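Residues per chain are reported as follows:
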Amino acid sequence: MNLAVIVSIVVVCVVVVVGVVGFLIDRHAERLER
Amino acid sequence: MNSPHLHLILNHVPTVGTAIALGLLLLSLLRRNQELTRVSLEVFYVVALITLPAYLSGVATALALEKMPDISTEAIARHHDGALSGFIFMLFTGGASWIGLWQFRRVSRYSGLNVAIVLVLAVITLTFMGGAATMGGWIRHPEILVADAPTPTGSGGFITAASVKALVSDYTWLWPSLEALHFIGLWLLFGVVLLVNLRMLGMMKAASFSALHRLLPWSVLGLGINLVSGMMWVIATPEQYMSNVSFFWKMGFLMVAGFNLLYLTTFDDPWQVEAGDEAPFRTKAVAASAILSWVFVMYFGRMLPFLGNAF
């Protein structure tokens, strides 16, 4: 597979995982504060 | 002072520091004292921060020691593997402690789950760090080995530095992926830190500190991305970083910035800044030093090939 395609897939996957973790931490904080 | 000297000074911090923090955490649970829990989590965070230069100075020491006669490179590699394993768990322990501190600041109570996670991670970290410390002693002090004991063999941890190095060199997509992620982690980290610190310096006064404080986990996630990507480069090509003056300064400013993050997370002064308030002078000074520190971290990172010998 083309190098650029592999790099793009890896970067998008990591960013999605980090985004989900950040979102969950934020939701958890909101629940605690309510 | 050179790297081996620095390593001799710092190498006890991960082991002794984790033991002290763990003791404080257990004591706080026995006494049901939340303030003591907070102190123990702060100590975990600080120990995790200092573990970074302890580990890096160890990598530099390994490069220096390997050239000396009568030094076992297998013993060095075993110690490195143990230290790397301990360092990975130390980062998780420090990260979980930071999350606990951040939550406590917001709701004035701890999550039992968070404390349990920190406790388990700390025990695992201490186990690996204790093993790494012992294996480090074997390099220059074989007299501490029990008489007639079999010569230690195999890896000193659950991961080996050689396997990380092989991973980075064997898969051509990994290095550019890490570069892209390092930049993404950087803007995630600096974007949030800049916003929070500019508020402390007197901008965006309509926002309270507590509103911006909620964004801080995003900066820690960015820091996590950058620590993982940066460490993989260092392990893969240590010779590019360990005698590089630019890397030395980058790590120095990273330490300052790391302590500033703890101040923003837990201390009372910034937390009491409501919408419309002016932050106290001490908070402004910390905010200014935080912004400068991160700018210098980026500057010296970019200067690695120009001020130093990288790439």
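Bear in mind that the values here come from a model prediction, so they are computed numbers and not experimental data. (Residues numbered from 1 in each chain as written. Chains lettered and ligands numbered in written order. Predicted model: local features only at pLDDT ≥ 70, side-chain atom pairs only at ≥ 80, totals over all residues.)

## Notes on the overall build of chain B
What counts is decided by this rule: Numbering of helices and strands runs from the N terminus; a helix is a DSSP stretch of H or I covering at least four residues, while a strand is a stretch of E covering at least two. Our radius of gyration looks at C-alpha atoms and nothing else; its globule reference is 2.2 Å times the residue count to the power 0.38. For the exposure call, what matters is how many other C-beta atoms sit within 10 Å of a residue's own: 20 or more marks it buried, 12 or fewer exposed, and in between partly exposed, using C-beta atoms placed from the backbone.
The helix and strand inventory of chain B stands at 12 helices and 0 strands. When its helices and strands are written in sequence order, chain B yields α-α-α-α-α-α-α-α-α-α-α-α. In terms of overall dimensions, chain B is globule-like: its C-alpha atoms have a radius of gyration of 20 Å, near the 19 Å expected for 311 residues. Across its three principal axes, chain B shows a C-alpha extent of roughly 70 × 50 × 35 Å. Across the 311 residues of chain B, 41% fall into the buried class.

## Here's the deal with the environment of V193(B)
One can find V193(B) in helix 7 (residues 174-200). For the pair formed by V193(B) and L29(B), sequence separation is 164 residues and the distance between their alpha carbons is 32 Å.

## Here's the deal with the environment of R105(B)
Residues and elements named next belong to chain B. Definition in use: Two residues qualify as a contact pair if the distance between their C-beta atoms, derived from the backbone, is within 7 Å.
Secondary-structure assignment places R105 in helix 4 (residues 73-107). We classify R105 as partly exposed; it has 19 C-beta atoms within 10 Å. Measuring from C-alpha to C-alpha, the distance between R105 and N244 comes to 39 Å, with 139 residues separating the pair along the chain. Look past the residues within four positions of R105 in its chain and what remains in contact with it is H213, T265, T266 and W271.

## Topic: the domain arrangement of chain B
Residue and element names in this part refer to chain B. Operational definition: What counts as a domain boundary in this text is fixed by an automatic or database domain assignment.
Structurally, chain B comprises domain 1 (1-159) and domain 2 (161-311). A C-alpha centroid distance of 22 Å is found between domain 1 and domain 2. Across the boundary between the two partners, domain 1 contributes 21 residues, which contact 21 residues of domain 2. Put simply, the parts of the chain that give the side of domain 1 that touches domain 2 at least two residues each are helix 3 (34-65) and helix 4.

## Section: helix 5 (residues 112-140) of chain B
Residues and elements named next belong to chain B. Going by this rule: Here the expected span of a helix is defined as 1.5 Å times the quantity of residues minus one.
Helix length check: helix 5 (29 residues) gives 43 Å between terminal C-alpha atoms against 42 Å at 1.5 Å per residue, within 8%. Of the positions making up helix 5, those classed as buried are N114, V118, L121, A122, T125, L126, F128, M129, G131, A132, M135 and G136. Turning to helix 5, the residues buried within the fold contact helix 2 (13-31), helix 3 and helix 4.

## Examining unusual backbone geometry
Residue and element names in this part refer to chain B. For R32, which is not glycine, the phi torsion reads 50° and is therefore positive. Looking at where R32 falls in the secondary structure, it is placed in the loop between helix 2 and helix 3. For R32, a count of 8 C-beta atoms within 10 Å puts it in the exposed group. In this structure, M204 is a non-glycine residue whose phi angle is positive, near 50°. Position of M204 among the secondary structure elements: in the loop between helix 7 and helix 8 (209-213). Among the residues examined, M204 registers 13 C-beta atoms within 10 Å and is labelled partly exposed.

## Some words on the interface of chain B and chain A
Stated precisely, the cut-off is as follows: Residue polarity is assigned by list, with Asp, Glu, Lys and Arg as charged and Ala, Val, Leu, Ile, Met, Phe, Trp, Tyr, Cys and Pro as nonpolar; anything else, Gly included, falls into the polar class.
Contact with chain B, which involves 15 residues of that partner, is made by 15 residues of chain A. Secondary-structure elements contributing two or more residues to the side of chain B that touches chain A are helix 4, helix 7 and helix 9 (216-236) of chain B. Element by element, the count of residues in the side of chain B that touches chain A is highest for helix 7 of chain B, at 5 residues. Of the residues in the side of chain B that touches chain A, the class split is 10 nonpolar, 3 polar and 2 charged.

## Some details on helix 10 (residues 245-266) of chain B
All names here are of chain B. Its 22 residues place the ends of helix 10 33 Å apart at the C-alpha level, agreeing with the 32 Å of an ideal helix rising 1.5 Å per residue. Of the residues making up helix 10, those classed as buried are S246, F247, F248, K250, F253, L254, A257, N260, L261, L264 and T265. In this fold, the buried residues of helix 10 make contact with helix 4, helix 7, helix 9, helix 11 (268-271) and helix 12 (281-302).

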